[in-house]
Amino acid sequence: MQTECRLYPASPMPPTELIERLKGLASSLVSDVFGRWAGAPGLLPVSGLAPGQVIAGPAFTVRTRPGDNLVVHKALDIARPGEILVIAAGGATDRAILGGLMGQYAQTKDLAGIIVDGAVRDRSDLDRVSPPVFAAGISHLGPYKSGPGELRCPISVAGLTVLDGDIIIGDEDGIAVLPRARGEELITAAEAKGEAEAAESAAILAGNWDRTWIDEGLKIVNVQASSSN
Ligand SMILES: O=C([O-])CC(=O)C(=O)O
Ligand SMILES: [Mg+2]
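Just so we're clear, the structure is a prediction, and the values are computed from it rather than from any experiment. (Residues numbered from 1 in each chain as written. Chains lettered and ligands numbered in written order. Predicted model: local features only at pLDDT ≥ 70, side-chain atom pairs only at ≥ 80, totals over all residues.)

Side note on the overall build of the chain
Put simply, the rule is: In DSSP terms, a helix is any run of H or I states spanning at least four residues, a strand is any run of E spanning at least two, and both are numbered starting from the N terminus. Each residue is classified by how many other C-beta atoms fall within 10 Å of its C-beta atom, where C-beta atoms are placed from the backbone; a count of 20 or more means buried, 12 or fewer means exposed, and values in between mean partly exposed. Throughout, a residue-residue contact means that the two C-beta atoms, derived from backbone geometry, are no farther apart than 7 Å.
Along the backbone of the chain there are seven helices and 12 strands. The C-alpha extent of the chain, read off along each of the three principal axes, is 75 × 55 × 30 Å. Split into buried and exposed, the 229 residues of the chain put 44% on the buried side. A sequence separation of at least 24 residues applies to 77% of the contacts in the chain between residues at least 6 apart.

Describing the site of ligand 1
Which entries qualify depends on this criterion: Each residue receives a C-beta atom placed from its backbone. It is near a molecule or strand if this atom lies within 6 Å of it.
The immediate surroundings of ligand 1 are formed by N69, L98, G99, G100, L101, M102, R121, D122, G142 and P143. In terms of residue count, the dominant contributor to the shell around ligand 1 is helix α4 (residues 100–108) (three residues).

A closer look at unusual backbone geometry
Here the bond from G147 into P148 is cis, since omega is -5 degrees, no more than 30 degrees from zero. Assignment of secondary structure puts P148 in the loop between β7 (133–138) and β8 (149–151).

Points about the environment of R36
Turning to its location among the elements, R36 is positioned in the loop between α2 (27–32) and β2 (44–47). Accessibility expressed as a C-beta count within 10 Å gives 9 for R36, which makes it exposed.

Comments concerning the confidence of the model for the chain
Low pLDDT marks regions whose predicted coordinates should not be analysed in detail. Condition: Scored from 0 to 100, pLDDT reflects the predictor's confidence in each residue.
Across the chain, the average pLDDT comes to 96, with 98% of residues at or above 70. The ipTM, which scores confidence in the relative placement of chains, is 0.98 for this predicted complex, and the corresponding pTM is 0.94.

Notes on the pairing of strand β11 (residues 167–171)
Note the cut-off: Note on pairing: two strands pair once DSSP finds at least 2 bridges between them.
The element β11 is extensively covered by neighbouring structure, given that five of its five residues are classed as buried. Here β11 shows two buried faces, one formed by I167, I169 and D171 and the other by I168 and G170. Two strands pair when backbone bridges link them, and strand β3 (residues 55–64) and β11 are joined in this way by four bridges, in the antiparallel orientation. Within β11, the residue paired with A56 across the bridge is I169.

Observations concerning the environment of N208
Secondary-structure assignment places N208 in the loop between α6 (183–206) and α7 (212–217). On the basis of neighbour count, N208 is assigned to the exposed category, with 9 C-beta atoms found within 10 Å. For the pair N208 and R36, spaced 172 residues apart in sequence, the C-alpha to C-alpha distance is 27 Å.

Thoughts on the packing of helix α1 (residues 16–23) against α6
The cut-off we apply is this: Lines fitted to C-alpha atoms define the axes here, with helix axes fitted over just the stretch in contact, and angles between the N-to-C directions of these axes take values from 0 to 180 degrees. Oblique is the label for any angle not covered by the other classes, which are roughly parallel (under 35 degrees), roughly antiparallel (over 145) and roughly perpendicular (65 to 115). Handedness of a crossing is defined here by the sense of rotation of the near helix relative to the far one, left-handed for an anticlockwise turn of less than a right angle and right-handed for a clockwise turn. Classes in brief: Ala, Val, Leu, Ile, Met, Phe, Trp, Tyr, Cys and Pro nonpolar; Asp, Glu, Lys and Arg charged; the others, Gly included, polar.
Contact geometry of α1 with α6 gives a least axis separation of 10 Å together with a crossing angle of 30 degrees. Between α1 and α6, the angle falls in the class roughly parallel. Pair α1 / α6 crosses with left-handed handedness. Along its contact with α1, which presents L18, R21 and L22, the element α6 presents G183, E184, I187 and E191. Here the residues of the contact of α1 with α6 are counted per class, giving three nonpolar, one polar and three charged.

Quick word on helix α3 (residues 70–78)
The test is simple: The arc in question is formed by the directions pointing from the helix axis toward the C-beta atoms.
All of the buried residues along α3 are V71, V72, A75 and L76. Angular distribution of buried residues about the axis of α3 spans 150 degrees; they occupy a single face of the element. Those residues of α3 that are buried lie in contact with β1 (5–7), β3, β4 (84–88), β5 (96–98), α4 and β8.

Comments concerning α6
To be explicit about the condition: In this scheme, a helix's expected span is set at 1.5 Å multiplied by one less than its residue total.
Taking 1.5 Å of rise per residue, the 24 residues of α6 would be expected to cover 34 Å, and the 35 Å separating its terminal C-alpha atoms lies within 8% of that figure. Turning to α6, its buried residues number three or more, namely G183, L186, I187 and A190. Taken together, the buried residues of α6 touch α1, α2, β11 and β12 (174–178). Trailing α6 by a residue or two, G207 shows a phi angle of about 75 degrees, which is positive.

Description of the pairing of strand β6 (residues 113–120)
Taking burial as the measure, the eight residues of β6 include eight buried ones, the bulk of the element. Examined bridge by bridge, β4 and β6 share five bridges and lie parallel to one another. Bridging from a neighbouring strand, L85 pairs with I114 of β6. Two strands pair when backbone bridges link them, and β5 and β6 are joined in this way by two bridges, in the parallel orientation. Directly across from L98, in β6, lies its bridge partner V120.

Here it is as C-alpha cells:
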C-alpha cells in the first residue's frame, strides 16, 4: 500500500561564498546576532563532528511520522550536494529515524550534515562513514517504513520553524538557523561579533579586559555574618 509523500519545490542553493564564510563562524555568534534566539536547543552532535568542526549549508526540510523513515529515504535519493537534511520527527527518541547505512548513503550524496528532531542509531558507524549527525537522542529500536510525510515543507524542530533553503550552522554547541533572505546580513553581523570577541580575548591576555560594566549593573549588598547560630 502506498502512503502520501507531499513534495514541495526545491529552494535555490545559496552562494557557495556565503556558506564558506559561515564555516569560519560559530553557532553562538550567529544566534547572538539574531537576538540570541536562532537555535533549536537539545539537538546536539552525536557523531562525526571533529573537535572545532563547523558545518554549514542550506536546509532540505523533511517531516516524517515519528518513528518512520520512508520519506527520509526518498529525501536521501533527491538531496543535492551541500544540503543539510533537517528532519522533523516529532522529537520522539524511543525509535531511531536513521543509522549507519543511511549515513553512509548521505556521505555518497555529499550532504553537509543531518539533523534529526528524534533519535538515531549505529553511532560508531555514523562516526566512521556519515556526515556529522545532530539528534535529540539515541535508540537501538529501528524505524518503520510506511510513511507518510512531506519533503521541502515548513517544519518545526525542537520548537524552531525551519523553511526549506534556510541556512544552517552546526557545531559542538548545537545548531542555529538563519532565514535564507537574511543570510548575508546576519553572517556579516556575526563576523563583526567574532572580531569583537577576538579583541576581548586579546584584552584578557593583556590583563586589561573591561570589567566596569559589571558594577554598573549590580548593586552590591554586603551581608554580615549572622550571630544567631
Ligand atoms: O534500519 C534503518 O532504516 C536505519 C538504520 O539502522 C541504518 O540506516 O543503518
Ligand atoms: Mg543500521
